[in-house]
Amino acid sequence: MSGSETWNNDKESVVYNALPFARTELLNVPIKSARILCQGDDVKKVIEIIFDLKDHPVDFLPGDTIGIQPINRDQDVNFLIDTLELSSNTDKKVNLSIMKTTQKKAAKLPNYLPEITTNRILLRNYLNMYSAPKKLFLRALVEFTDDKRERLLLQILCSKEGGGFYNQYVTEKGMTFLDLLKLCPSCKPPMGILIEHLPRLLPRPYSVANSSLKSPKELKIVFSVLTDESQKGLTTEMLEEMVEKFLKNKNNPCSVNLYFRDENAFKYTQDDLNKNIIMIGIGCGISPFVGFLEHKFELEKQLVTGKRDFKTWLFSGSRYCRNALFRKEICDFLEAGTIDEYFESNSREVDSEFKYVQDQIVSNAERFVNLLLCPQTKIYVCADGNEISKKIVACIEECIKSVCNLPIEEASDILKDMRRNARYIEDIWL
Ligand SMILES: Cc1cc2nc3c(=O)[nH]c(=O)nc-3n(C[C@H](O)[C@H](O)[C@H](O)COP(=O)(O)OP(=O)(O)OC[C@H]3O[C@@H](n4cnc5c(N)ncnc54)[C@H](O)[C@@H]3O)c2cc1C
């Protein structure tokens with residue numbers, strides 16, 4: 001790494017290469033509008049953002065995903081600059097290249113890094129400082145740590161014998177590189193070591209929640225914010241702060257770096273008009289389905305032969321009635337015949353008959369299974385991709401078993417087959 005001249009740290013100087021699963025380049029897209037869909041006691045804050053695509057015409061379908069490129073928090077970037085004593089050359093232009101003297105075979109610069117940049121840009125835009133330091137990284141840090149006890153700690157953590165400590169402190173407690181530097185203040189690695197060992201600051205995926213047929217120049221996403229400040233994710237916090245700034249004064253310029261990701265099976269297309277569609281959305285997971293329904297509504301408006309005889313069912317799960325997202329829009333779709341049936345469940349409503357979407361499915365088991373097993377039926381699920389998703393699968397298998405009087409293994413094979421044939425499609429937000 002070499003450099004001297006002071007360089008511009010503005011976003012124009014930042015080039016993002018090799019975006020994962022990209023079908024467009026990175027676009028700088030302004031916020032057009034934003035609203036808080038719900039917040040309060042015992043519910044997650046949920047925010048909707050509409051981005052203005054007027055300068056970036058892109059074809060997209062509801063359910064497609066975009067990647068949002070976060071930047072690291074200013075206070076953490078400044079902490080690193082101070083700790084690593086980089087302040088005298090934070091904003092100087094640097095040329096990145098592999099050291100001629102390196103002993104490493106096939107050493108090369110990561111393809112996502114620009115060749116010319118500054119230390120501040122590297123720390124702010126490219127390197128993930130919240131990752132758990134790997135053992136190889138810890139070993140490399142020993143050499144740059146003056147304090148004996150801190151060196152010993154690093155040596156133990158990266159040793160074979162210290163595997164238990166590593167698991168306990170790094171893996172289980174989620175220690176980040178920043179935490180480690182706070183624990184070992186005499187550790188002052190050069191930038192080259194950080195570039196070599198810190199992973200890339202990756203873009204985060206978000207699902208498109210609107211139809212381009214209804215609003216081609218708008219792109220809508222919906223996201224939730226964890227209430228516990230210490231658990232707030234980097235991108236979530238960045239978007240939340242941007243929305244706060246925007247809502248205070250709509251003239252505040254607020255824009256996000258995003259790109260469209262490769263298409264996947266979780267999307268509503270014209271073919272779906274000739275299918276029965278069952279949609280199951282938990283919490284924020286209902287939002288892509290609002291896009292599906294907008295799209296269906298617009299497609300049906302264009303039909304010359306009139307509405308076809310296929311069913312569309314929507315199941316939603318939220319904690320309370322008051323935080324069931326998009327109820328007004330869903331009721332409008334019911335009235336317009338875009339959906340035939342809507343099944344709501346509220347897990348924390350004391351007198352709710354249906355706590356979970358599974359309760360609604362069981363309560364309508366026979367009709368549900370009959371619809372599901374029609375050859376033209378597709379089911380879309382947007383849940384947590386974890387426990388809730390597993391419970392939904394188990395519930396559907398049980399329903400197939402009891403309605404069709406089949407062994408559970410056969411019921412399970414039916415769902416597996418549907419998955420293989422892209423008829424059981426999940427949007428997994430892990
Ligand atoms: C295909 C796909 C589509 C997605 N679509 C959406 C979407 O439309 N809306 C949406 O809100 N999310 C969506 N997600 C999830 C979203 O990408 C993650 O919430 C995002 O990675 C959080 O990024 P972050 O930088 O804020 O968190 P990080 O800084 O990466 O967070 C670190 C950890 O904090 C936790 N965390 C942070 N924020 C949250 C949160 N809000 N809820 C739960 N846990 C959190 C997570 O455990 C995470 O591992 C999608 C994910 C995938 C894979």
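What counts, and where the lines are drawn
- Residues numbered from 1 in each chain as written.
- Predicted model: local features only at pLDDT ≥ 70, side-chain atom pairs only at ≥ 80, totals over all residues.
- Heavy atoms only, no water.
- 1 Å grid on protein atoms, 1.4 Å probe; cavity = no way out; pocket = protein on both sides within 12 Å on 5 of 7 lines; lining within 4 Å.
- Points joined across faces, edges and corners; volume = space filled by probe spheres on them.
- Nonpolar A, V, L, I, M, F, W, Y, C, P; charged D, E, K, R; others polar.
- Domains from an automatic or database assignment.
- Contact = heavy atoms within 4.5 Å.
- Buried area = accessible area lost by both parts, 1.4 Å probe.
- Near = heavy atom within 4 Å.
- Polar contact = N/O pair within 3.5 Å; in protein donor to acceptor, adjacent residues only side chain to side chain.
- Areas by Shrake-Rupley, 256 points an atom, 1.4 Å probe, with all protein chains shown as cover.
- Sits in = over half its atoms within 2 Å of the grid points.
- Helix = DSSP H or I, 4+ residues; strand = E, 2+ residues; numbered from the N terminus.
- Patch = residues over 30% accessible without salt bridge, like charges linked within 9 Å, V, L, I, M, F, W, Y side chains within 5 Å.
- Salt bridge = Lys/Arg side-chain N within 4 Å of Asp/Glu carboxyl O.
- Buried < 20%, exposed > 50% of the residue type's maximum accessible area, 1.4 Å probe, protein only.
- Pairing = 2+ DSSP bridges.
- Axes fitted to C-alpha atoms, helices over the stretch in contact; angles between N-to-C directions.
- Parallel < 35°, antiparallel > 145°, perpendicular 65-115°, else oblique.
- Left-handed = near helix turned anticlockwise from the far one by under 90°.

### Quick notes on empty space enclosed by the protein
If a probe the size of a water molecule is rolled over the atoms, the empty space left behind becomes visible. This model, assessed by the stated rule, comprises 2 cavities of 30 Å³ or more. Taken as a whole, the largest cavity encloses approximately 70 Å³ of empty space. What lines the largest cavity is a set of 12 residues, and nearest its centre among them are Leu 273, Lys 296, Glu 300, Arg 308 and Phe 310. The residue inventory of the lining of the largest cavity, partitioned by class, reads 5 nonpolar, 1 polar and 6 charged. In this structure, the second largest cavity spans a volume of roughly 30 Å³.

### Quick notes on the domain arrangement of the protein chain
For the protein chain, the assigned domains are domain 1 (12-70 + 203-260), domain 2 (74-197) and domain 3 (270-426). The centre of domain 1, based on its C-alpha atoms, is set 30 Å off from the matching centre of domain 2. Opposite the 8 residues of domain 1 that make contact, domain 2 presents 9 residues. A combined buried area of about 680 Å² lies between domain 1 and domain 2, and 50% of that area is made up of carbon and sulfur atoms.

### Digging into the site of the ligand
Among the 18 residues in the neighbourhood of the ligand, the closest are listed as Pro 205, Ser 224, Leu 234, Thr 235 and Thr 236. In this structure, Arg 204 approaches the ligand through a side-chain N or O atom, which is 2.9 Å from an oxygen atom. Separating a nitrogen atom of the ligand from a backbone N or O atom of Ser 224 is a distance of 2.6 Å. Protein chains shield 70% of the accessible area of the ligand, which is 920 Å² for the free molecule. When each cavity is represented as a set of grid points, the ligand is found to reside in the largest pocket. Mapped onto the shell around the ligand, the elements with two or more residues apiece are strand E7 (204-207), strand E8 (218-225) and helix H8 (234-248). Classifying every residue of the shell around the ligand gives 9 nonpolar, 7 polar and 2 charged.

### Brief notes about a nonpolar patch on the surface
Where nonpolar side chains cluster on the molecular surface, the patch consists of Leu 152, Ile 156, Phe 165 and Tyr 169 and spans about 350 Å² of accessible area. When contributions to the nonpolar patch are tallied by element, the ones reaching two or more residues are helix H4 (148-158) and helix H5 (163-172). Mapped onto the fold, Tyr 169 is located in helix H5. Exposure remark for Tyr 169: the relative accessible area of 33% places this residue in the partly exposed category.

### Some words on unusual backbone geometry
The residue Phe 21 is not glycine, and still its phi comes out positive at about 55 degrees. Relative to the elements of secondary structure, Phe 21 occurs in the loop between strand E1 (2-6) and strand E2 (27-38). For Phe 21, a relative accessible area of 56% puts it in the exposed group. Positioned with a positive phi, Glu 85 is a non-glycine residue whose angle comes to about 55 degrees.

### Thoughts on the sheet that holds strand E10 (residues 276-282)
Pairing between sheet strands relies on hydrogen bonds along the backbone, with the strands arranged either parallel or antiparallel. One open sheet holds the 5 strands; their spatial order is E12-E11-E10-E13-E14, and the pairing between them is parallel. Sheet topology places strand E12 (341-346) and strand E14 (424-426) at the edges, where each strand pairs with a single neighbour. If you compare each strand with its neighbour and ignore which way they point, the axes differ by 15 degrees on average. Sheet analysis places strand E11 (residues 312-318) next to E12, joined by 6 bridges and oriented parallel. Note that in E12 the partner of Ser 316 across the bridge is Glu 344.

### A look at the packing of helix H1 (residues 74-83) against helix H2 (residues 119-126)
When two helices pack together, their arrangement is given by the angle between the helix axes and by the axis-to-axis distance. Between H1 and H2, the shortest axis-to-axis distance is 10 Å and the interhelical angle comes to 140 degrees. Between H1 and H2, the interaxial angle falls into the category oblique. Seen from above, H1 lies across H2 with right-handed handedness. In this structure, H1 contributes Val 77, Asn 78, Leu 80 and Ile 81 to the contact, and H2 contributes Arg 120, Leu 123 and Arg 124. Partitioning the contact of H1 with H2 into residue classes produces 4 nonpolar, 1 polar and 2 charged.

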